[in-house]
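For reference, the chains in residue letters:
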Amino acid sequence: MLPATLKLCGGISYCHSRSLTVSDTFQHVEPTCTFVHAGSGVRNMIKNTVQQRIVGQLSRLPEELLGSLGQYKTKDRSLPGPRLSGDPAEVLLSECELRYVQEGQNILQKTIHILEDHSGWHCESKTDNGDKVSSKVVPNVGKMFRLEAEIPGSVEELHKELFDRVEHMCEWNPNVNQVKVLQRVGQRTLVTHDMAADAGGKLLSARDFVNLRQSVRRGSVSFLVGVSTDCESAPPQNGYIRGETGPSLIMLRPSTNDVNNTRIVWLLNIDLKGWIPKSIINLALSRMQINFAESLRARMSSIHCGN
């Protein structure tokens, strides 16, 4: 009778774990209701099955995201985490860190789909040098702003300024007061606390954000993903309203007009919180994106001039 009971409990739990999504697995690593009659051996078997599914999801992410997969493995050394033999740069990932990596990949897929849809965009503003901000309402996302600009410098140089040196962004971007890296997951995923300046010429008071940032390279194109996330080390700040970044993306690719330039497209979805008229939000965010392009252009020109 006991073996039959164990088989029944194990079968129920295994079928339940097989039906879980990636996000579900982090919440149901140990579903206690199905373990009531099972022994510790069955519990460990089911837990390992669920954890291995998490690792399996990670191993199917693009190779360029994981850095040849070899720099990642789980903190549970008993699990077969994705790795390359002999790789000296291993990164031990907790389940929370695995969630960050997967969350960034999900946002990348969603924003690339938005990026490839060229219909329905309405011009918000345009400058004499060709910088353009458009917007449209994306189903299940909200209002999306799209900046298109040409910036001097290579994709690698812009990637360095926008991702590798993100904590120095306040030195050249007037929209930013401070960016602090709270957590690094490998070399391509960050959790940051961003403290923004008054937006749109002081049309909006200062906001702060806790963002997940991820860098993905595909051929000659670089994608920088951004979205709000949770981090206990960044509680709400006095004098700042905590905003929320929706699915956002910066695409960097070589310009087809000038080999010395990079084409940048920035998709921005953001909830500034508070009661703010839509006309003010539209004006403030489009102005912020234009200011960003002008400031980044000045920064890259300064670097090339040796200043």
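So, here is what we can say about the structure in this document. Treat the numbers as computed from the prediction; the structure is a model and nothing was measured.

What follows concerns the side chain of Thr-189. Its location among the elements puts Thr-189 in strand β7 (residues 189-196). At 3.1 Å, the side chain of Thr-189 and the side chain of Gln-214 are in polar contact. Every residue in contact with Thr-189, bar those within four places of it in the chain, is listed here: Tyr-100, Val-101, Phe-163, Gln-183, Arg-184, Leu-212, Arg-213 and Gln-214.

Under the counting rule described, the total for this entry stands at 13 salt bridges. We note a salt bridge from Glu-148 to Arg-263, for which the minimum N-O separation is 3.5 Å. Taken as a pair, Glu-148 in strand β5 (residues 142-152) and Arg-263 in strand β13 (residues 261-268) lie far apart in primary sequence, 115 residues in all. With a relative accessible area of 18%, Glu-148 lands in the buried category. In this structure, the salt-bridge partner of Arg-242 is Asp-208, at a minimum N-O distance of 2.9 Å. Residue Arg-242 is located in strand β10 (residues 241-242), and its partner Asp-208 is located in strand β8 (residues 207-218); the two are separated by 34 residues in the primary sequence. Residue classification places Arg-242 among the partly exposed positions, given a relative accessible area of 25%. The class for Asp-208 is buried, based on a relative accessible area of 0%. Connected through shared salt-bridge partners, Glu-161, Arg-165, Glu-171 and Arg-299 make up one network.

Among the structural elements, Ser-295 can be located in helix α7 (residues 278-304). According to the relative accessible area criterion, Ser-295 is buried, its value standing at 13%. Reaching out from Ser-295, the side chain makes a polar contact with the backbone oxygen of Asn-291 at a distance of 2.8 Å. In contact with Ser-295, not counting residues within four places along its chain, are Trp-172, Asn-173 and Pro-174.

As a further point, take the packing of helix α6 (residues 155-164) against α7. In contact at an axis separation of 11 Å, α6 and α7 are set at 120° when each is read in the N-to-C sense. Viewed along their axes, α6 and α7 adopt a mutual orientation that is oblique. Where α6 crosses over α7, the two elements pack in a sense that is right-handed. On the side of α6, the interface is formed by Glu-157, Leu-158, Glu-161 and Leu-162, while α7 contributes Phe-292, Leu-296, Arg-299, Met-300, Ile-303 and His-304.

One finds Leu-162, Ile-250, Leu-252, Ile-264, Phe-292 and Leu-296 to be the most contacted residues of the largest nonpolar core, which totals 33 residues. Sorting elements by how many residues they give to this core places α7 first, with seven residues. Here Ile-250 is in contact with Leu-162, Ser-222, Phe-223, Leu-224, Ile-264, Val-265, Trp-266 and Phe-292, once residues within four sequence places are set aside. Among the nonpolar cores identified, the runner-up in size contains 27 residues, and Tyr-100, Leu-108, Val-225 and Leu-249 belong to it.

What counts as what
- Residues numbered from 1 in each chain as written.
- Predicted model: local features only at pLDDT ≥ 70, side-chain atom pairs only at ≥ 80, totals over all residues.
- Heavy atoms only, no water.
- Helix = DSSP H or I, 4+ residues; strand = E, 2+ residues; numbered from the N terminus.
- Polar contact = N/O pair within 3.5 Å; in protein donor to acceptor, adjacent residues only side chain to side chain.
- Contact = heavy atoms within 4.5 Å.
- Salt bridge = Lys/Arg side-chain N within 4 Å of Asp/Glu carboxyl O.
- Buried < 20%, exposed > 50% of the residue type's maximum accessible area, 1.4 Å probe, protein only.
- Axes fitted to C-alpha atoms, helices over the stretch in contact; angles between N-to-C directions.
- Parallel < 35°, antiparallel > 145°, perpendicular 65-115°, else oblique.
- Left-handed = near helix turned anticlockwise from the far one by under 90°.
- Core = buried A, V, L, I, M, F, W, Y, C linked by side-chain atoms within 4.5 Å.

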